[in-house]
Each structure stands twice: as structure tokens, then as C-alpha cells.
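# Overview (structure and organization)
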Amino acid sequence: MRRRRLLRRSEDSDPMSVVSNLFDVAMVFAVALMVALVSRYNMTEMFSQEDFTMVKNPGKENMEIITKEGEKINRYTPSEDSDKSSNKGKRVGSAYELENGDIIYVPE
């Protein structure tokens, strides 16, 4: 008789206890995943107080420039803005690099 009482505790029959334990495990997993992703992609600068500039995919068509100034984070994609500003400028000269490394600007 005593053995049956141990197996039939009132605490074991509560189905919500399993759900609360799963929620705790899921929260710990989510926090660990966020920390791992931030450290893997070297994004710790986002959480610091310093200003920085980062270039994603330099020299490619999908290049992005991300700057942080104080609390404000700006994203700039040159390919989006190139259509708007392509007709606003004009060529004003040429630059030549000599064999010794000097650069000479020749205005037109």
C-alpha cells in the first residue's frame, strides 16, 4: 500500500509542471544561441559605446556600409543610391599613378 502512495503523488499529476520546465529550457537555449551568434559574427561592437563603421561584402554588388554613431545605426547600400545620383555629377579630371607610387591629378 505504501508503494502505491509513492507512485501516485499529487505533484506528478500536474501537467503544467512539464510545460514550465520546457519554457525554462527554451529560454536558456535562446539566450545561448544569441550569444553564440553575436560572438561568431564579431558583432560585439554593436553593444559597445564606441562609434564604428563596418563594410559588408566589400567590392561586390550587394555591398553595405554600416555605421554606428552613438545610439543610431545607419545602413547604406551604394547600389540603391547609384541610380538616383548617376546623373548629378560630371568628370572633372583624371588621376594617374606613377611607377614610384605618386599620384598626379590632371584637371580637364
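Attention in this report is confined to the structure presented alongside it. (Residues numbered from 1 in each chain as written. Predicted model: local features only at pLDDT ≥ 70, side-chain atom pairs only at ≥ 80, totals over all residues. Heavy atoms only, no water.)

A cluster of nonpolar side chains, contributed by F29, L33, L37 and Y41, occupies part of the molecular surface with about 450 Å² of accessible area. Inspection of the secondary structure puts L37 in helix α2 (residues 16–40). When its relative accessible area of 43% is taken as the criterion, L37 is described as partly exposed. (Patch = residues over 30% accessible without salt bridge, like charges linked within 9 Å, V, L, I, M, F, W, Y side chains within 5 Å. Areas by Shrake-Rupley, 256 points an atom, 1.4 Å probe, with all protein chains shown as cover. Salt bridge = Lys/Arg side-chain N within 4 Å of Asp/Glu carboxyl O. Helix = DSSP H or I, 4+ residues; strand = E, 2+ residues; numbered from the N terminus. Buried < 20%, exposed > 50% of the residue type's maximum accessible area, 1.4 Å probe, protein only.)

Turning our attention to the sheet that holds strand β3 (residues 72–76). Backbone hydrogen bonds are what pair the strands of a sheet, in a parallel or an antiparallel way. With antiparallel pairing, three strands are arranged side by side in an open sheet as β1-β2-β3. A single partner strand is all that each edge strand has here, and the edge strands are β1 (52–56) and β3. Strand after strand, the sheet turns through a mean of 15° between neighbouring axes, direction not considered. When strand β2 (residues 64–69) meets β3, the two strands line up antiparallel, connected through five bridges. The residue of β3 that forms the bridge with I65 is Y76. (Pairing = 2+ DSSP bridges. Axes fitted to C-alpha atoms, helices over the stretch in contact; angles between N-to-C directions.)

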